[in-house]
Amino acid sequence: MEFAPALIEQLRHASRVVFFTGAGVSAESGLPTFRDAQTGLWANYKPQDLATPEAFARDPQTVWRWYQWRRRVHADVTPNPAHHAIAAFEARLPEAVLVTQNVDRLHELAGSPAPIHLHGSVFRNKCASCGIEMPEVPHDLETPPACPDCGGLCRPDVVWFGEGLPPAPWQAAVDAAVKAEVVISIGTSATVHPAARIPLVAREAGALVVQVNPEPTPQDKIALNLRGKAGAVLPALLAAVWGE
Ligand code: BJW
Ligand code: ZN
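Residues numbered from 1 in each chain as written. Chains lettered and ligands numbered in written order. Predicted model: local features only at pLDDT ≥ 70, side-chain atom pairs only at ≥ 80, totals over all residues. Heavy atoms only, no water.

Caption draft 1: Here's a closer look at the sheet that holds strand 8 (residues 208–212). If you walk across this open sheet you meet the six strands as 3-2-1-7-8-9, and the pairing is parallel. Bordering the open sheet on either side are strand 3 (116–117) and strand 9 (224–226), each of which pairs with just one other strand. Relative to strand 9, strand 8 is paired through three bridges, and the arrangement is parallel. Across the sheet, the residue bridging to glutamine 211 is asparagine 225, located in strand 9. (Pairing = 2+ DSSP bridges. Helix = DSSP H or I, 4+ residues; strand = E, 2+ residues; numbered from the N terminus.)

Caption draft 2: Main features of the sheet that holds strand 6 (residues 154–158). Taken in spatial order, the three strands make up an open sheet running 5-4-6, and their pairing is antiparallel. Each having just a single partner strand, strand 5 (133–134) and strand 6 make up the two edges of the open sheet. With five bridges connecting them, strand 4 (residues 120–127) and strand 6 associate as antiparallel partners. In the strand pairing of strand 6, asparagine 125 is matched with proline 156. Here helix 5 (residues 60–75) sits on the sheet and contacts strand 4 and strand 6; the angle it forms with strand 4, its principal contact strand, is near 140°. (Contact = heavy atoms within 4.5 Å. Axes fitted to C-alpha atoms, helices over the stretch in contact; angles between N-to-C directions.)

Caption draft 3: Broad picture of the site of ligand 1. In the vicinity of ligand 1 lie 33 residues, with Arg35, Tyr67, Arg70, Gly162 and Ser189 positioned nearest. Within the backbone of valine 159, a nitrogen or oxygen atom sits 2.8 Å from a nitrogen atom of ligand 1. Between ligand 1 and asparagine 213 there is a distance of 2.8 Å, counted from an oxygen atom to a side-chain nitrogen or oxygen. Relative to its free-state accessible area of 1,500 Å², ligand 1 is covered by the protein chains to the extent of 72%. Breaking the shell around ligand 1 down by element, the ones donating at least two residues are helix 2 (24–27) and helix 5. The element best represented in the shell around ligand 1 is helix 5, accounting for three residues. Inspection of the shell around ligand 1 shows a minimum of three residues originating in each of domain 1 (1–31 + 78–119 + 165–244) and domain 2 (33–76 + 121–158). (Near = heavy atom within 4 Å. Polar contact = N/O pair within 3.5 Å; in protein donor to acceptor, adjacent residues only side chain to side chain. Areas by Shrake-Rupley, 256 points an atom, 1.4 Å probe, with all protein chains shown as cover. Domains from an automatic or database assignment.)

Caption draft 4: Highlighting the coordination of the zinc ion (ligand 2). Bound to the zinc ion (ligand 2) are the protein donor atoms Cys127 (SG), Cys130 (SG), Cys147 (SG) and Cys150 (SG), situated 2.3 to 2.4 Å from the metal. Around the zinc ion (ligand 2), the four donor atoms are arranged such that angles at the metal cover 99 to 117°; this shape is classified as tetrahedral. Sequence spacing of the donor residues for the zinc ion (ligand 2), all on one chain, is C-x2-C-x16-C-x2-C. Judged by its relative accessible area of 41%, cysteine 150 falls in the partly exposed class. (Donors = N, O, S within 2.8 Å, 3.2 Å for Na, K, Ca; no water. Tetrahedral: all angles 85-135°; square planar, octahedral: opposite > 155°, others 65-115°. Buried < 20%, exposed > 50% of the residue type's maximum accessible area, 1.4 Å probe, protein only.)

As structure tokens, this is what we get:
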């Protein structure tokens, strides 16, 4: 795989690099992206219609069962070469920051020290009424437990459509984007806001934005586009920069 020599030089000498990831980075581990059609039991449901507070209020058991099923799928998957390459980049770059929209834990499993999770984690729970953190439960429990404090229902600690992002991770991501020399945006459709603003904020502040995606996105025009799968492009980029 060929890369522009100027890109390789810039990465070799950069320190403030932000990696911004979406569901495409986990696709080669076997996790469907958000915009893929669902299969099996869930073929008739669109993720966009399940990941909302309204869906949970209307039919908590169906939404809960969808997340429990996803937790079972997530428990069986492992990081792919893209996650490993990002962790290797982070180890080399003095001030790398990893910002992810993903609710899986594959970056952590690949050795990334402190990913900033903008959309929470599918492996944490909280009370849907009072917001208190609730413990993990067996992934085959088919109904959401009740909150010990207020009797509200347990839900996954993820950010649904219409909900605000957790303020501290969001602020940390914006701060890193403003300071970045390079942002590498990987496997995201760049359509879900405000997260999709991270590469835009960095570009406005003068950073180079590199996008790794086999498909076009609305951010093609502000980025240097590396068309291909993350699991192929990132190890090749790592090798081109440091011969690893
Ligand atoms: C590969 C690959 C390979 C494949 N290698 N690549 C401005 C304009 C319009 C709308 C809005 C706006 N601001 C806010 C909104 C509304 C809404 C929104 O953005 N809607 C748009 C869809 C139109 N946003 C919100 O509601 C947000 N909240 C909010 O704004 O609150 C306001 C508020 C403020 C104060 C108080 C109260 C409210 C919240 C958004 C939360 C998103 N949550 C989800 C679900 C998480 C839980 C779960 O997983 O169940 O997060 S939605 C879903 O999308 C998930 C993802 O993190 C997120 C991003 O998706 P991502 O990662 O980009 O995946 P895909 O599937 O879209 O794309 C995959 C890409 O990978 C594709 O491009 C492929 O080509 C590529 N790919 N294989 C590399 N091998
Ligand atoms: Zn509660």
